[in-house]
Amino acid sequence: MIKQNSFVIYKNTLAIVKELDTEKGDKFTVEWQTSPETQTGKKAQYATQKVREKDVKIFINDEIFSMLNDEKISLEKALQNEANSTLTNEYAQKIEEVWSLLASDNENPTPKISFAEIIQLCYSKISINELWAFYTALTKNTKFFKELDESIIFQLRSEQEISDLEKKENEKSQAEKLQEEFIERLKQKNILLPNDSQFMQEIESFALGKTEKSKYLQLAGFSQKIEKAHKLLLDTGFWQITKNPYPSRYGLSMSSAKESLPPPPDEQRVEILQTAYAIDNETSDDPDDAVSFDGGFVWIPIADPAATVLPDSKIDIDARKRGTTLYMPEGISRMISEDSLTDYALGLQEKSPALSFKIKLDENANIIESDVLKTIVHVKRLTYKQAEEMQDSAELKDLFRIAKLYRKKRDSLGAVTIELPQVDVRAIKDEEGKISVEIQDEQTLESKEMIKEMMLMAGEGASKFAFKNNIPFPYISTDKIDLPKSIPEGLAGQYALRKCMKGRHVSVTPSMHCSLGLSTYCQVTSPLRRYIDLIAHQQLRAFLKGEKLISKDDVLERISTGDAGISAANKASRESELHFKLVYLLQNPNWEGKAICVDFKQNLAVFLIPSLAMETQILNKSYKLNDEITVRSSNINLPELKADFVAV
């Protein structure tokens, strides 16, 4: 029976019953200590709570009450001996004696005993504050474990159980000691490797975005910011500056898709007799588009993985989650498995299966006929530089001529072309595993422009074909661009144009792509690398075979999922490139380069650095647009992806 001023256990601590609820006999108010008095003089804190009888356990029953030296005592006094270390040995000895006595009872090898019975074996009289201190010591002792039933019961542990528990507690104590020592080293940023790796990996997981917080950062008093963790990993030498955390932070894998595509099916295809040219960078090993002209039609064969990647198949779902092939300075993570390229990339075999776009233009480069066919093509691979040298050849001159006409047509319809510096950033690992960074300007070649125009033509032709045949299709559009009345010349003008550009829209309804100057457009030329292109191919193939098409709603849903992957990949790629640009500057501390003034922000001048494709802000000293100065880097903050540049 609960009485006023009696002591109970509430939330594993001692509490006193302060008030009984006379209206509801099953409720009463208890008071307990929430924090003890500190050595600095801060007073103990107490709290009260209305509880039910089932929420507490009676601490002092009639048997114990008869043994108390004092009947009335405050909660504060009852707790004063809890942390009294001078009594620890006395309590431990008495607990050992009780255990030895009970353990010798062979008839009952693991007896249970009430707290009251233990007290009676140890004391004839006891004060209430000693009683609570003894109880606390008993609950921490390895000889017994506590059961809270109707009354407080303790059960003996066997010698083996005690040995195992003591071993575990010793291991825990040792682990806590190692952790405390590590935390002290971490505060000094002077860790011991490889011994501290087990702790640093927890901080690394946080810095890679795999966990939401870091226990060790908190214990060492560091900020729970991912950039601070990055800096600490660098400062302690656990990470090298070349460590790239950004793919992981965006939840992306640096491994290509694993599941291989089946070989292309044995199906009827039209064989294109003239050679098609797959023109790409020297390092490209996954050519997925080619071009040719037969005197009347432009042919644009595209790799045909949709022949075996069926909607909602395992490969399709994985590609949808990825959204795109991930291009990083240190490597490529492919949307379609690496070992599928031999069968599906163009020009890796004597004949390649392709989904080809057959397009006829009028004299003003308007599309007047557009068709889509399943084909077999003969593909010859060329680099951009090789194609540049062949632009007047019989094989390529018509393609260059048509591309220029098509570009002129797009310009007449308001196309906006921006030519800002671009660079190729690569992280190169040597035989010893050391990473160096190389940055090269991406040359503007007419061969690149020709291929760009042909791919845009394929997108326009495919969208016209889809609309004509009522195929639910991922059309891409942009709103009308509001250009400023006056656009500066040079790089400053290109920078101003970029500020005017607007984001794309993807819909199942065709609309004007204003920035490209096309009345309708879709992406179809990279089904090995972009999921939205793969969807388009799946729809076109289903139409050609007379099979059921993916509905408009499902097309939009798949696009949305794919776009989430594309967005993450774009951010990871952009931040990774900036990361390695800063690494390059750290590896080349004497770097200097030209910078061109392209804009102004309050009292700052914005400069573009062409050789790095980076921009910086410098205090305006009466600079004018397109002014050129020489700069060098300073104050590089790798974790924050920031760098200052100063005029030389």
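Residues numbered from 1 in each chain as written. Predicted model: local features only at pLDDT ≥ 70, side-chain atom pairs only at ≥ 80, totals over all residues. Heavy atoms only, no water.

1. Focus: the packing of helix α17 (residues 531–545) against helix α18 (residues 552–587)
Under the convention used in this document: The convention used is that axes are lines fitted to C-alpha atoms, helices contributing only their stretch in contact, and that angles between N-to-C directions extend from 0 to 180 degrees. Secondary structure follows DSSP: runs of H or I at least 4 residues long count as helices, runs of E at least 2 residues long count as strands, and numbering of each begins at the N terminus. Here is the rule for angles: anything less than 35 degrees is roughly parallel, anything more than 145 is roughly antiparallel, 65 through 115 is roughly perpendicular, and the remaining ranges are oblique. Take the far helix as the reference: if the near one is turned anticlockwise from it by less than a right angle, the crossing is left-handed, and if turned clockwise, right-handed. Whether two residues are in contact is decided by their heavy atoms: any pair within 4.5 Å suffices.
Following both chains from N to C, one finds α17 and α18 inclined at 155 degrees, their axes separated by 9 Å at the closest point. Relative to α18, α17 is oriented roughly antiparallel. Here the hand of the crossing between α17 and α18 comes out right-handed. Within the contact between the two elements, α17 uses Tyr531, Ile535 and Gln539 and α18 uses Val555, Arg558, Ile559 and Gly562.

2. Some points on the pattern of salt bridges
Rule in force here: Salt bridges are defined by distance alone: a side-chain nitrogen of Lys or Arg within 4 Å of a carboxyl oxygen of Asp or Glu. Accessibility here uses a 1.4 Å probe with only protein chains present; expressed as a share of the type maximum, an area under 20% marks a residue as buried, one over 50% as exposed, and anything in between as partly exposed.
Per the stated rule, a full pass over the model turns up 37 salt bridges. Of the charged contacts in the structure, one is a salt bridge between Glu271 and Lys351, with a shortest N-O distance of 3.4 Å. Linking Glu271 in strand β9 (residues 270–280) with Lys351 in the loop between α12 (341–344) and β14 (352–361), this pair joins segments that are 80 residues apart in sequence. Accessibility expressed as a relative area gives 37% for Glu271, which makes it partly exposed. Here the salt bridges share partners, and the residues they tie into one network are Glu267, Arg269, Asp304, Lys374 and Arg541.

3. Things to note about the sheet that holds strand β22 (residues 614–619)
The condition that has to hold: Paired strands, in this sense, are two strands between which DSSP finds at least two bridges.
Spatially, the five strands line up as an open sheet ordered β22-β21-β20-β23-β24, and their pairing is antiparallel. Two strands bound the open sheet, and with one partner strand each, they are β22 and β24 (642–647). Here the average twist between neighbouring strands, direction ignored, is 50 degrees. Sheet analysis places strand β20 (residues 592–601) next to strand β21 (residues 604–609), joined by five bridges and oriented antiparallel. By the bridge assignment, Ile596 is partnered in β21 with Leu608. Across the sheet, helix α16 (residues 490–500) touches β20, β21 and β22, and the angle it forms with β20 is around 50 degrees. In the packing of α18 onto the sheet, the strands contacted are β22, β23 (628–637) and β24, and the crossing angle to β23 comes to about 100 degrees.

4. Observations regarding helix α14 (residues 397–412)
Test applied: Take the residue count of a helix, subtract one, and multiply by 1.5 Å to get its expected span.
Here α14 contains 16 residues, and its C-alpha end-to-end distance of 23 Å stays within 8% of the 22 Å for a straight helix at 1.5 Å per residue. Where α14 is concerned, the buried positions are Leu399, Phe400, Ile402, Ala403, Tyr406, Lys409 and Arg410. Residues of α14 that are buried sit in contact with β10 (292–293), β11 (298–303), β14, α13 (384–389) and α15 (446–468). Looking one or two residues past α14, Gly414 carries a phi angle of roughly 95 degrees, positive in sign.

5. Side note on the pairing of β24
Two elements, β23 and β24, share five bridges in a ladder whose sense is antiparallel. Across the sheet, the residue bridging to Ser634 is Asp644, located in β24.

6. Focus on the nonpolar core
Short version of the rule: Here, nonpolar core refers to any group of buried Ala, Val, Leu, Ile, Met, Phe, Trp, Tyr and Cys residues whose side-chain atoms link them within 4.5 Å.
Counting 47 residues, the largest nonpolar core has Phe182, Ile203, Leu612 and Phe645 as its most contacted members. Ignoring any residue separated from it by four or fewer positions in sequence, one finds Leu612 in contact with Val423, Ile439, Lys581, Tyr584, Leu585, Trp591 and Phe645. In this structure, Ile359, Ala365, Ala462 and Leu540 belong to the second largest nonpolar core, which totals 45 residues.

7. With respect to the side chain of Asp304
Using the following cut-off: Contacts described as polar in this section are N or O atom pairs within 3.5 Å, which, within protein, must combine one atom able to donate a hydrogen with one able to accept it, while residues neighboring in sequence count only if both atoms come from side chains.
Its place among the elements puts Asp304 in the loop between β11 and α11 (314–322). Residue Asp304 is classed as buried on the basis of its relative accessible area, which comes to 0%. At a separation of 2.8 Å, a polar atom in the side chain of Asp304 contacts the side chain of Arg541. When sequence neighbours within four positions are dropped, the list of residues in contact with Asp304 reads Arg269, Tyr344, Pro353, Ala354, Leu355, His537 and Arg541.

8. A word on the packing of helix α6 (residues 159–187) against helix α7 (residues 197–207)
The condition is simple: For this classification, the nonpolar set comprises Ala, Val, Leu, Ile, Met, Phe, Trp, Tyr, Cys and Pro, the charged set comprises Asp, Glu, Lys and Arg, and every other residue, Gly included, is treated as polar.
Where α6 contacts α7, the axes come no closer than 10 Å and their chain directions differ by 60 degrees. Classified by the interaxial angle, the pair formed by α6 and α7 is oblique. You can see that α6 and α7 cross each other, and the crossing is right-handed. Contacts between α6 and α7 involve Leu178, Gln179, Phe182 and Leu186 from the first element and Phe199, Met200 and Ile203 from the second. Partitioning the contact of α6 with α7 into residue classes produces six nonpolar, one polar and no charged.

9. A closer look at the packing of aromatic side chains
For clarity, the cut-off: Stacked, tilted and edge-to-face pairs are distinguished by plane angle, under 30 degrees for stacked and over 60 for edge-to-face with tilted covering the rest, among Phe, Tyr and Trp rings (Trp via its six-membered ring) whose centres lie within 6.5 Å. Charge-over-ring placement is defined geometrically: NZ (Lys) or CZ (Arg) within 6 Å of the ring centre, and within 35 degrees of the ring normal.
By the definition in use, this model includes 17 aromatic pairs. Ring pairing ties together the aromatic residues Phe59, Phe115, Trp132, Tyr135 and Phe154, which thus form one cluster. One cation-aromatic arrangement involves Lys94 over Tyr123; the distance from NZ or CZ to the ring centre is 4.7 Å. Sitting over the ring of Phe297, Lys358 keeps its end group 4.4 Å from the ring centre.

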